[in-house]
Amino acid sequence: MTIPRGARRPTIADVAEAASVSRTTVSHALNGIGKVDPRTRERIKKIAAELGYRPNLRAQRLRRGEARAIALASSMPFAVAGGPSRLGFYMEVAAAAAERALVHEYALVLIPPVQSGSALYTVDIDGAIVVEPAADDAAVAQLRERGLPYVTLGRPTAPDDDALYVDLHGGRVVELLLDHLRVQGARRPALVVGAGTRHSSVDARAAYERTAAAHGWTALVATAPEDGGEQAGYDRCAALLTEHPDVDALCVLVDAFAVGAVRALRDAGRRIPDDVMVVTRYDGLRARTCEPPLTAVDLRLDRAAADAVELLLGRLGARSAGGGGEFAAGAGAGAAAGADAGVGVGAGAGSFVGGEGAGNGVPAPEPRLVVRASSLRRR
């Protein structure tokens, strides 16, 4: 039913009168509470729909003591998470998470990079997804202080953080990139990562060192500050090329750093990929529009973000029910039980043991290598 412009919107009293029941009965029927005969409940819902009645969401939330909103938060600076266009890793996650949250009638609140201050103290939310938290993550600290549940996208690295998480396969991603470089002829590849303690850096370093040992490479790891963005990547790679002129491949995990690395190679007179190959982790706008386009990895962030929403809403459901019970964990994550106990279940195929060392992880879909001109040598 379409309500004419300017007409009074139906109220709960109108529904009660049309259904010949009390307003309390209507409220219980529409909110799924109280002892209402199932046939009466369905009749009331049908009448409410026919009248075009819409409940007062703010009043509902106040009665239930919930905001029906979750936050997406990270301490990653926009220099690496979004870039000048703001269309990067963080925003891809946000779009997918917002879509999945809305399916469950939750709003997604996007929090700018949390470094310090009161970013997460001033928003009315029921819980949060923290993207790739560092060991001393400011967003996690604020959520804990507020007593709000959270899950993480990417393995938490703090020793005392046993949060549920969606595993982004940090080590596996680097193995894919290094195996590709080796096949293309790399014998002296270097790894460039962010200077922080996010799982993407920690797991990358461990995977690189394992691979270097397996193939007899001399391990060469360089770090750059996250907040330096492209310029930090340029500066660090320029220095690396001066210090180690025999480097023949750069595995640059942060895509902003990788774009800077390409500039540094050009300024040093090195040809890409003939002299030095370049690969990066995230197959985003930077990788696709760089010249040459960068070999990268499809992290399946749409599925991973949706699974993180399901994990968080499962925690919220378990919390409101007293911490027990089961919850559905979405198409990618399968079903996970006992959220507060930290039990994850793999992608519809039984139990999952956390990919990089912990057991609280639900695996994102398998990452996929996207090969481009920056690492394809002429044969």
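Notes on the structure in this doc start here. Since we're looking at a predicted model, the values are computed, not measured.

Turning next to unusual backbone geometry. Look at the link from I272 to P273: it is a cis peptide, with omega at 5 degrees. Among the structural elements, P273 can be located in the loop between α11 (255-267) and β9 (277-282). Put simply, E291 and P292 share a cis peptide bond, and its omega is 0 degrees. The phi dihedral of S20 falls on the positive side, at around 60 degrees, and the residue is not glycine. Tracing the backbone through its elements, the reader meets S20 in the loop between α1 (12-19) and α2 (23-31). We classify S20 as exposed; its relative accessible area is 67%. With a phi close to 45 degrees, E132 is a non-glycine residue in the positive phi region. Tracing the sequence through the fold places E132 in the loop between β3 (127-131) and α7 (138-146). Here E132 falls in the buried class, since its relative accessible area comes to 2%.

Read across the open sheet, the six strands follow the order β7-β6-β8-β9-β10-β14; overall the sheet is mixed. A single partner strand is all that each edge strand has here, and the edge strands are β7 (221-224) and β14 (368-370). Neighbour-to-neighbour, the strand axes of the sheet open up by a mean angle of 20 degrees, direction not taken into account. By the bridge criterion, two bridges tie β9 to strand β10 (residues 295-298) in an arrangement that is parallel. Looking across to β10, one finds that V279 is bridged to T295. Packing of helix α10 (residues 229-243) onto the sheet brings it into contact with β6 (189-194), β7 and β8 (249-252), and relative to β7 it is tilted by some 150 degrees.

Cut-off values and rules
- Residues numbered from 1 in each chain as written.
- Predicted model: local features only at pLDDT ≥ 70, side-chain atom pairs only at ≥ 80, totals over all residues.
- Heavy atoms only, no water.
- Helix = DSSP H or I, 4+ residues; strand = E, 2+ residues; numbered from the N terminus.
- Buried < 20%, exposed > 50% of the residue type's maximum accessible area, 1.4 Å probe, protein only.
- Pairing = 2+ DSSP bridges.
- Axes fitted to C-alpha atoms, helices over the stretch in contact; angles between N-to-C directions.
- Contact = heavy atoms within 4.5 Å.

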